Amino acid sequence: MTTKIGIIGAGWYGCHIGLSLRALGFEVQIFEKNKRVLHEASGNNQFRLHLGFHYARHHSTRIQSRDGFMRFIERYPGFSREVPDNIYAVPRLESLIDFQTYRLIMSSSGLDYTETKENNLGLRNIDGIIISPERVLLIAQARKYFTESLSKDLQLNTDVTNLEINSKNIKINGSPFDFVIDCTWGHFSSLPINCYYEPTLLLYYECGTQFPALTLVDGPLGSLYPTEDPNIYTLSSVPHTPIGRYKTALEARAALAALSQQEINKKRLLMEDQIKYYLPSFGDHMRYIGPQFAIKTKPVGNADDRSCYVFRSDRLMTVLSGKIDTIFHAQERVLNFLETALTGISMRAESSLRREIEIGAF
Ligand SMILES: Cc1cc2nc3c(=O)[nH]c(=O)nc-3n(C[C@H](O)[C@H](O)[C@H](O)COP(=O)(O)OP(=O)(O)OC[C@H]3O[C@@H](n4cnc5c(N)ncnc54)[C@H](O)[C@@H]3O)c2cc1C
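Source: prediction; values computed, not measured.

Bringing the environment of Gly-283 into the picture now. Turning to its location among the elements, Gly-283 is positioned in helix 7 (residues 282-285). Taking the relative accessible area as the measure of exposure, Gly-283 reaches 47% and is therefore partly exposed. The spacing of Gly-283 and Glu-272 is 11 residues in sequence and 8.3 Å in space, taken between C-alpha atoms.

The following block contains the structure:
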């Protein structure tokens, strides 16, 4: 008998996990409340295919990104492109770690980069620069592919309002499934670790020529990164992009909805001032075209943990997505849980070695 799996949310996680499970013979149905896939966080972010350079302070996030990057370009070769001159610069004063330590962390994590002394951009207040081979995600390609390949297994415009678990199955809005995977980033069911919801504001800029990408690391700094349109960039800032911290997704949505044009303008000035301190020519190249809004879920703590976690409680699995490159990690955890549930064999085995030595079992 085919195992039926319901998935809530058609972001990167729901779509990728759904396709992967279907390829393994599971019957899959994905419920998405919006009118198209990749409409929320997956379609509103900095579109960076991370390799780990952003996460100097969190080892497992870095390793998940490094491995996920390789798998992503192999599995989805048409969904990203190179970023020429992708600069990571370590500021002299504001960075939480110095350039030498930053380089050491990246090298010891097996990340390849090129060090450069060239500074054609006129960057100032910088301790050192590397060029990273990270890529940019092509969301329109991905959206088209997922919509066409999931086709009849995708229910758009369907808000999941009810989840009911009993001994035989788990029901989404009344329809029974063997298992449900909540891929809403903790927006539908609650997460078993301490998290908060953060509404975010990024800014879009237009640039007439191809401009390098610039990321300032590590700590409360900013970054300028291209999008799938080579003339459109996003500006992001660790201190100014967040619009508060909230206990529930609902509160975060309300805060985003209440954000005034005045507050956006204020944040824009702060974000532009921050980047101009390092890149004085920012205003000569970039013309503001509009804001981008999203909500992220983050584990509480200051280690900058953006790893991906999957939790299981009975027939319900809940995904806390990390970055887009960590979709493979999530897919494997889901398969582990399904294997355990369907075969009845627990992956954990207590060691009986001591007992066997004592009774001379060999
Ligand atoms: C400002 C910002 C910048 C970021 N930059 C990057 C970056 O550069 N690179 C990177 O890799 N990652 C980045 N991220 C993280 C990345 O966006 C997320 O890891 C990823 O999009 C999460 O995908 P998801 O499928 O888990 O969530 P989502 O894309 O949010 O998908 C969840 C889906 O669930 C649906 N949903 C929710 N509730 C219900 C319901 N009740 N019924 C039906 N459907 C429901 C939503 O409509 C949504 O479509 C960034 C995030 C933010 C916010």
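On the surface, Leu-353, Ile-357 and Phe-362 cluster together into a nonpolar patch covering about 370 Å² of accessible area. Position of Phe-362 relative to the elements: it lies in the segment after helix 9 (353-358). Among the residues examined, Phe-362 registers a relative accessible area of 71% and is labelled exposed.

A few words on the sheet that holds strand 10 (residues 163-165). Taken in spatial order, the 3 strands line up as 10-11-12 in an open sheet, and their pairing is antiparallel. At either end of the open sheet lies a strand with only one pairing partner, and these are strand 10 and strand 12 (175-177). Averaged over all pairs of adjacent strands, the angle between strand axes in this sheet comes to 25°, irrespective of strand direction. Where strand 11 (residues 170-172) meets strand 12, 3 bridges bridge the pair, whose relative direction is antiparallel. Within strand 12, the position partnered with Ile-172 by the bridge is Ser-175.

When its domains are assigned, the protein resolves into domain 1 (1-83 + 136-194 + 305-346) and domain 2 (85-133 + 195-299). Computed over C-alpha atoms, the centres of domain 1 and domain 2 are 26 Å apart. The interface is formed by 34 residues belonging to domain 1 together with 45 residues belonging to domain 2. With both chains or domains summed, domain 1 and domain 2 bury close to 3,300 Å², and 55% of this area falls on carbon and sulfur atoms.

Spatially, 8 strands are ordered 6-7-5-15-16-17-14-18 in an open sheet, and the strand pairing comes out mixed. Looking at the sheet topology across the chains shown, the edges are occupied by strand 6 (114-116) and strand 18 (286-299). Across this sheet, the average inter-strand angle for adjacent strands is 25°, counted without regard to direction. Relative to strand 17 (residues 232-237), strand 16 (residues 222-226) is paired through 5 bridges, and the arrangement is antiparallel. For Pro-226, the partnering residue across the bridge sits in strand 17 and is Tyr-233. Relative to strand 7 (residues 126-131), helix 3 (residues 99-108) is tilted by about 25°, and along the sheet it contacts strand 5 (86-91), strand 6 and strand 7.

Here we take up the pairing of strand 2 (residues 27-31). Both strand 1 (residues 4-8) and strand 2 contribute to a ladder of 5 bridges, which runs parallel. Note that in strand 2 the partner of Ile-5 across the bridge is Val-28. Handedness of the crossover is the feature at issue here: the chain leaves strand 1, passes through helix 1 (residues 12-23), returns alongside strand 2, and the resulting connection is right-handed. Pairing of strand 2 with strand 9 (residues 154-155) involves 2 bridges; the strand directions are parallel. When the bridges of strand 9 are listed, Ile-30 appears paired with Leu-154.

The rules we used
Residues numbered from 1 in each chain as written. Predicted model: local features only at pLDDT ≥ 70, side-chain atom pairs only at ≥ 80, totals over all residues. Heavy atoms only, no water. Helix = DSSP H or I, 4+ residues; strand = E, 2+ residues; numbered from the N terminus. Buried < 20%, exposed > 50% of the residue type's maximum accessible area, 1.4 Å probe, protein only. Patch = residues over 30% accessible without salt bridge, like charges linked within 9 Å, V, L, I, M, F, W, Y side chains within 5 Å. Areas by Shrake-Rupley, 256 points an atom, 1.4 Å probe, with all protein chains shown as cover. Salt bridge = Lys/Arg side-chain N within 4 Å of Asp/Glu carboxyl O. Pairing = 2+ DSSP bridges. Axes fitted to C-alpha atoms, helices over the stretch in contact; angles between N-to-C directions. Domains from an automatic or database assignment. Contact = heavy atoms within 4.5 Å. Buried area = accessible area lost by both parts, 1.4 Å probe. Right-handed = clockwise from strand over helix to strand, strands pointing away.

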